Amino acid sequence: MIRSVTVIFYAFLLSWACWAKPNGSKSKKPKQVVPDIECDVRAGKINIPEFIARCPAHCKESKQQVYGTGVFASISSICNAAIHSGVITNAGGKVIVRKMAGQNIYKGTNSNGVRSLSLPKWRESFVVSVGKPKKGIIYPSTLDYAPSRPTYVKTGPKETKSPVFTTLPPTTAPEVTTTTPEPTTTTAPTTTTTTTTIPPPPPTTTKARAAVHKIRDAGLRQAEAGSAFRRQPSSPVGPAFPRREWLPSSYGRPDWFPGARRPADVSYAVPDSGYAWSETDTPEIPARDLRPDISEYERWLYSFGPYPPRSTDLDGSRKMPLDLPHAKVEPVDAWKPEANPYEPGFSMREPEPLPRAPEPLASQGDPNCKVDLAFLMDGSWSIGKRRFKIQKDFLAEVAQVINVGMAGPMMGIIQYGDEPVTEISLRTYSNSREVKSAIDKIVQKGGLSNVGKALSYINKQYFSDANGNRGGAPNVAVVLVDGWPTDKVEEASRLARESGINIFFVTIEGPDENEKQNLVEANFVDKAVCRTNGFFSHPVNSWFALRKAVQPLVKRVCDTDRLVCSKTCLNANDIAFVIDGSSSVGTGNFRTVLQFVANVTREFEISDTDTRVGAVQYTYEQRLEFTFGQYNNKAELLNAIKRINYWSGGTSTGAAITFAAEQLFSKSKPNKRKIMIVITDGRSYDDVRAPALAVHRQGVIAYSIGIAWAAQDELEYIATDPDKEHSFFVDEFDNLYKYVPKIIHNICQEFNSQPRN
């Protein structure tokens, strides 16, 4: 009996187990495979918008370069960027890389033993995070690397180079699969596991295209929080490089992604290899978008959202702001087929339009004071309600005196306490009356007097195109502070000045001798203002005397000739290119030199009031190709560089330097930095020391770039001291493009290191 019961019990257990697990053992979750990378791998070399990778140990010793802080240019080493951010240590580890839009400036800092460098701008950025994928996310197990350079073959008797490409058959993009195992029924609660697997990208199809013109993506970037876009220089149109497709359709492309890129853009060498010219004529450049850095939704919101003034008319029409090229469209009644004109009450006469309420026209403002002006008002608890009211009255009177308008000054206000808050953006109001009315509605926020945070805020967010920054007008920030700040201002002010912001300080009831020991940062005014000559600081002894500062302050902020911090390393130069046209260069290499000249030129802001460029070609003789100011926009200037004809002859570099000094630098403007870039491929037939010394004495900053057979001693004579920062040598013409970012970095570093007194 007991035996039979035991048999029945085991049979029941067996049947229950089979019923509980019809599919056998529980399915395992897919395991994340982490591909290994080397220390020198840059984010731009990998054609995946988001991926995971494992860095080896001791990357810090490799000294691979990193550009930026927090957000890095895509030419940075992934592993060293991760060490710099503190994501991994020098022992290596897993890193998640996410690409994002490029920025106009990357700040260099020293962190975790890795020194990152500054960079004026780059087309693509990335951020790094700890290598722990979120639940259900599987990253590609292999990485898709972009090729470094196309290969070339010789065809025919001429030494004509044509790229050779392999055309693969079209590939079908794999779909992202979502696997949902069926729940297993047991006595415990049932669970459903969803795992999203991202397959590795398939090989892409690369093919040659003739006369394909590249348009840089600088104007297509979307403005991000924390980024300061002040100017969007126009982009050149050029070229005939084969393109590499980005990713199969299964991968979602970011909104900022500009499209396919050339293989040379993500090569091992750091800089942009630039564009190449085809034999076709350059098409005309499209009209520049007034706000290229905002998304389509923001553009719609700006045009049709809460920003434009709304009329009270009944036909639904809107008035567009004056600074946008929108045409007013009146609604038209559509013909309705079901309407019967013979029915009673139907009238063929058009109804008379209802009277419209007049709308105030935007003020043109004072054209002699065209500045973008931001006031940082103190909203801390230390000033109390009465003095906060005095501060508001002061700002209202400034708005009245300064005459706000579209052709003159535009005024905005940020209130700071513990955190900065925008009260009035630059584009919100277009006349003084509206600004005064808005100031009256400002409510005190309270908190500490964190001026440093407020200065970082205006630099990264406030002075942006999306917020109303006009680009052509100087950026001015006036800080009103009661007593002294409660945080440090030096670093935030330095970054703001380097971005072209003129910082003024109005200190009310500043610290006396006994109170200076309470300061968080000694001499905070001198560390913050644009220049320490007294022009940018205005101390006020009492809050009741603040009103007397209105006229002197308005006079200073409107004196645009003295707003020297608006001059940046990219808009305050006269640059002369002295180009070797000797027989040893050759026609093909001469075109490569012109590409290098164009790549350097397009990094600057070109106009008659910004950076100007001139060019001299030399052999035994010299020829002035074009002078400073002859071409005052970037498109015309790049076309002029393209049209320079190869001369051929001997090499007299010394005479060419003297010629450039007489024909170009003698006509340079006094407020411009004079920069000469000499490009040569051999030893000069004449002496270069005396002419180089003469231009150095004239204040010219000279860079020398030698190629192939150039003499090192002559390059050092030509270059300004220190030689290692101003003299470069490349073994072949095709490597010239590597030195574009180095030259731009050195020019900006020298500019930003100028004394401030």
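Refer to the structure printed above.
What counts, and where the lines are drawn
Residues numbered from 1 in each chain as written. Predicted model: local features only at pLDDT ≥ 70, side-chain atom pairs only at ≥ 80, totals over all residues. Heavy atoms only, no water. Disulfide = S-S within 2.5 Å. Helix = DSSP H or I, 4+ residues; strand = E, 2+ residues; numbered from the N terminus. Pairing = 2+ DSSP bridges. Axes fitted to C-alpha atoms, helices over the stretch in contact; angles between N-to-C directions. Buried < 20%, exposed > 50% of the residue type's maximum accessible area, 1.4 Å probe, protein only. Contact = heavy atoms within 4.5 Å. Polar contact = N/O pair within 3.5 Å; in protein donor to acceptor, adjacent residues only side chain to side chain. Salt bridge = Lys/Arg side-chain N within 4 Å of Asp/Glu carboxyl O. Parallel < 35°, antiparallel > 145°, perpendicular 65-115°, else oblique. Phe/Tyr/Trp six-rings, centres within 6.5 Å; stacked < 30°, edge-to-face > 60°. Lys NZ or Arg CZ within 6 Å of the ring centre and 35° of its normal.

Novice: Can you explain the state of the cysteines? Please cite residues and give values.
Specialist: In this structure the tally under the stated criterion is five disulfides. With a sulfur-sulfur separation of 2.1 Å, Cys-39 is cross-linked through a disulfide to Cys-59. Residues Cys-39 and Cys-59 share a disulfide whose torsion about the S-S bond is about -80°; that sign makes it left-handed. Taken as a pair, Cys-39 in the loop between helix H1 (2–20) and strand S1 (50–55) and Cys-59 in the loop between S1 and strand S2 (68–69) lie far apart in primary sequence, 20 residues in all.

Novice: Help me get a handle on the sheet that holds strand S17 (residues 372–378), residues and values and all.
Specialist: By way of backbone hydrogen bonds, the strands of a sheet pair with one another, either parallel or antiparallel. Strands sit in the order S19-S18-S17-S20-S21-S22 across an open sheet of six strands; the sheet is mixed. Two strands in the sheet have a free side with no partner beyond their single neighbour: strand S19 (420–424) and strand S22 (537–540). Taken pair by pair, the neighbouring strands of this sheet meet at an average axis angle of 20°, ignoring direction. Bridge count between strand S21 (residues 501–508) and S22: four bridges; the pairing is parallel. Its bridge partner lying in S22, Thr-507 is registered against Pro-539.

Novice: Mind laying out helix H11 (residues 634–642), listing which residues take part and the relevant values?
Specialist: Where burial is concerned, most of H11 is hidden: seven out of the nine residues are buried. Listed in full, the buried residues belonging to H11 are Lys-634, Ala-635, Leu-637, Leu-638, Ala-640, Ile-641 and Lys-642. Each element contacted by the buried residues of H11 is listed here: helix H10 (587–601), strand S24 (612–618) and strand S25 (622–626). The opening residue of H11, the one whose side-chain oxygen lies 3.1 Å from the backbone nitrogen of Ala-635, is Asn-633.

Novice: Requested: an account of the pattern of salt bridges, with residues and values cited.
Specialist: Note that side chains of opposite charge can pair when their charged atoms are close. Summed over all chains, the structure comprises 16 salt bridges. Taking the shortest distance from any N to any O, the salt bridge between Lys-516 and Glu-513 comes out at 3.2 Å. Classification of Lys-516 as partly exposed rests on a relative accessible area of 44%. Glu-513 gets classed as exposed once you look at its relative accessible area, which sits at 62%. Three or more residues joined by partner-sharing salt bridges are found here, namely Arg-387, Asp-482 and Glu-509.

Novice: Which residues make up the packing of helix H4 (residues 384–402) against helix H5 (residues 432–440), and what are the values?
Specialist: The description of two packed helices rests on the angle between their axes and on the distance between the axes. At a minimum axis distance of 8 Å, the contact between H4 and H5 shows a crossing angle of 175°. The angle between H4 and H5 places the two elements in the roughly antiparallel class. Contacts between H4 and H5 involve Lys-392, Leu-395, Ala-396, Ala-399 and Gln-400 from the former and Ser-432, Val-435, Lys-436, Ile-439 and Asp-440 from the latter.

Novice: Quick one: what's the story with the packing of aromatic side chains, residue by residue and with numbers?
Specialist: What describes a pair of aromatic rings is the distance from one ring centre to the other and the angle between the planes of the rings. Summed over all chains, the structure comprises eleven aromatic pairs. Note on Phe-626 and Tyr-631: the rings are 5.6 Å apart at their centroids and 80° apart in plane angle, and the pair reads as edge-to-face. The two residues Phe-626 and Tyr-631 agree in class, both being buried. Centre to centre, the rings of Phe-728 and Tyr-739 are 5.3 Å apart; their planes meet at 45°, and the pair counts as tilted. Taken as a pair, Phe-728 in strand S28 (residues 727–730) and Tyr-739 in the loop between S28 and helix H16 (740–752) lie far apart in primary sequence, eleven residues in all. Taking the relative accessible area as the measure of exposure, Phe-728 reaches 7% and is therefore buried. A relative accessible area of 24% places Tyr-739 in the partly exposed class. Members of the aromatic cluster, each reached through a chain of ring pairs, are Phe-504, Phe-535 and Phe-536. Stacked on the ring of Trp-647, the Lys or Arg Arg-623 has its end atom at 4.7 Å from the ring centre.

It is worth stressing that arrangement in space is one thing and function is another; only the former is reported here.
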